[in-house]
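Working through the structure, step by step
Below, each chain spelled out in residue letters.
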Amino acid sequence: MSETTKTRRLWRDIHVFDGLRTLPEPMAVISEGARIVSLVPMREFDEATVEGCHDMGRGGVMTPGLVDCHTHLVFGGSRADEFEARLEGASYEEIARRGGGILSTVTATREASKEQLLELARPRLEALIADGVTTVEIKSGYGLTVEDELKMLRVARRLGEVLPVRVVTTLLGAHALPPEFKDDSDGYIDLVCREMIPAAAKEGLADAVDVFCEKIAFSVAQCERVFEAAEAHGLPIKAHAEQLSNLGGTAMAARHGALSADHIEYLDDAGIQAMRQAGSVAVILPGAFHTLRETQQPPIAALREAGVPMAVATDANPGSSPLFMPTLMLNLACTLFRLTPQEALAGMTAHGATALGLKGGGRIQEGATADLCIWDIDTPAALAYAVQPGRLRQRLFQGELTHA
Ligand code: NIG
Ligand code: FE
């Protein structure tokens, strides 16, 4: 599109949360094509600049499009039975050890075709989009064979082609030990390192590599092998770590320059310091904490004090977080973990983008991509305060209005 035909849009008198903080006074914002080109306080705003702009209205709150940096949206089957079993007293770990949990989703996901998985995932992603998401990370991890993991990643990539959202994919081959490798977890890690990662890298299907470092999944040493294989293929890494116990997976991941360590309820001071030094993001997942009725709090105050950026995500998945509402996570992050509403919002915008390696993403500033949400609320804190669908007035993805 030539310079002259790019659509210019103007918002007046709007409260802006810029991805890191709420700006102190009402603003005028102009986008042109896919970019934000002007951001000025109303009292400095010159009406002469509006010529040729679409009037997008006044008032409300503008935030960057939300960034959900940790999801497992592609899967087959349901785990409602497991939900009931947990209510009757079974723990997430017990269910996993008896072959349920993640492995029951693996069976259903292997049985589903690419087309079926796409149709199952689409309404889940549409729910996130309707709640303001413009960037979403989607993990594999329910295939656990080379072909089935690639199938999941292809579905994730396809979702980003059929819906107005940026999809970032993560290969999570080391999520659980598949039944074929029972008693040979090192053999499975060989498969992940020697076949899965090279195949995903070769086809450009993975933007990062993740692991589940836990007693019911893989050891620190096994996860480190996965990271070395990822590095050999130029792929960034991240980890599900310290979710159910403290194994030291976070510190090891940080030593490998991890983009993020996620869950981290059991993280200790050494892990926090390692994250600080590496510049890794702490991804806080209140949906899994809530669903599993966890009682161990992630070390929020210590992370804050160390200056480790905190992201907030849905962890949307069929087991530990069957919750497909990002703004609910803002509320839970505040009520369960005492994040401030500003911290929670930064966690689902600027810091969420950093956790995905998207430098400068999740921000409202001149030159940034016009991924924007305009909300019918009067202060950014209200987004975390109330859990109320229907407040999204407008959503723009790369400057295109997708919701009005
Ligand atoms: O992020 N912790 C491991 N993996 C997922 C859960 C996946 C599942 O239960 O299906 C998580 O919580
Ligand atoms: Fe997860």
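Every value quoted in this text rests on a predicted model; they were computed, and no experiment measured them.

1. Re the overall build of the protein chain
When you go through the protein chain residue by residue, the secondary structure sums to 15 helices and 16 strands. Seen along its three principal axes, the alpha-carbon backbone of the protein chain occupies a region of about 70 × 45 × 40 Å. Counting only residues that meet the buried cut, the protein chain has 58% of its 404 residues in that class. For the protein chain, restricting intrachain contacts to residue pairs at least 6 apart in sequence, the fraction spanning at least 24 positions comes to 72%. For the protein chain, the accessible area works out to roughly 15700 Å², and carbon and sulfur atoms hold 50% of it. In the protein chain, 38 positive and 54 negative side-chain charges are present, and the distance between their average locations comes to 2 Å.

2. Things to note about the packing of aromatic side chains
Taken as a whole and judged by the stated rule, the model has four aromatic pairs. Ring geometry for Phe289 versus Phe337: centroids 4.8 Å apart, planes at 80°, classification edge-to-face. Of the two residues, Phe289 sits in helix H10 (residues 286-291) while Phe337 sits in helix H12 (residues 326-337), which places them 48 residues apart along the sequence. By the ring-pair criterion, three or more aromatic residues cluster together here, those being Phe181, Tyr188 and Phe218. The ring centre of Phe75 lies 3.5 Å from the NZ or CZ of Arg124, which sits over that ring.

3. Observations concerning the pairing of strand E9 (residues 208-213)
In terms of burial, E9 is a largely internal element, six of the six residues being buried. The alternating pattern of E9 places Ala208, Asp210 and Phe212 and Val209, Val211 and Cys213 on opposite faces, both of which are buried. Note that strand E8 (residues 166-174) and E9 share three bridges and pair parallel. Within E9, the residue paired with Thr170 across the bridge is Ala208. Tracing the backbone out of E8, into helix H6 (residues 185-202) and back to the parallel element E9 gives a crossover that is right-handed.

4. Quick look at the confidence of the model for the protein chain
A residue-level look at the protein chain finds 99% of positions with pLDDT of 70 or above and a mean pLDDT of 97. This prediction of the complex comes with two scores: 0.97 for pTM and 0.96 for ipTM.

5. A short note on the sheet that holds E9
Within a sheet, adjacent strands bond to each other through the backbone by hydrogen bonds, running parallel or antiparallel. Read across the open sheet, the eight strands follow the order E6-E7-E8-E9-E10-E11-E12-E13; overall the sheet is parallel. The open sheet has two free edges, formed respectively by strand E6 (66-68) and strand E13 (310-312), since each of these has just one partner strand. Each adjacent strand pair in this sheet contributes to an overall mean axis angle of 25°, direction not counted. The pairing of strand E10 (residues 237-241) with strand E11 (residues 260-263) spans four bridges and is classified as parallel. Looking at E11, one finds that His240 is bridged to Asp262. Of the strands in this sheet, strand E7 (133-139) and E8 are in contact with helix H5 (residues 146-162), which crosses E8 at around 170°.

Procedures and definitions
Residues numbered from 1 in each chain as written. Chains lettered and ligands numbered in written order. Predicted model: local features only at pLDDT ≥ 70, side-chain atom pairs only at ≥ 80, totals over all residues. Heavy atoms only, no water. Helix = DSSP H or I, 4+ residues; strand = E, 2+ residues; numbered from the N terminus. Buried < 20%, exposed > 50% of the residue type's maximum accessible area, 1.4 Å probe, protein only. Contact = heavy atoms within 4.5 Å. Areas by Shrake-Rupley, 256 points an atom, 1.4 Å probe, with all protein chains shown as cover. Lys, Arg positive; Asp, Glu negative; His and termini not counted. Charge placed at Lys NZ, Arg CZ, Asp CG, Glu CD. Phe/Tyr/Trp six-rings, centres within 6.5 Å; stacked < 30°, edge-to-face > 60°. Lys NZ or Arg CZ within 6 Å of the ring centre and 35° of its normal. Pairing = 2+ DSSP bridges. Right-handed = clockwise from strand over helix to strand, strands pointing away. pLDDT = per-residue confidence, 0-100. Axes fitted to C-alpha atoms, helices over the stretch in contact; angles between N-to-C directions.

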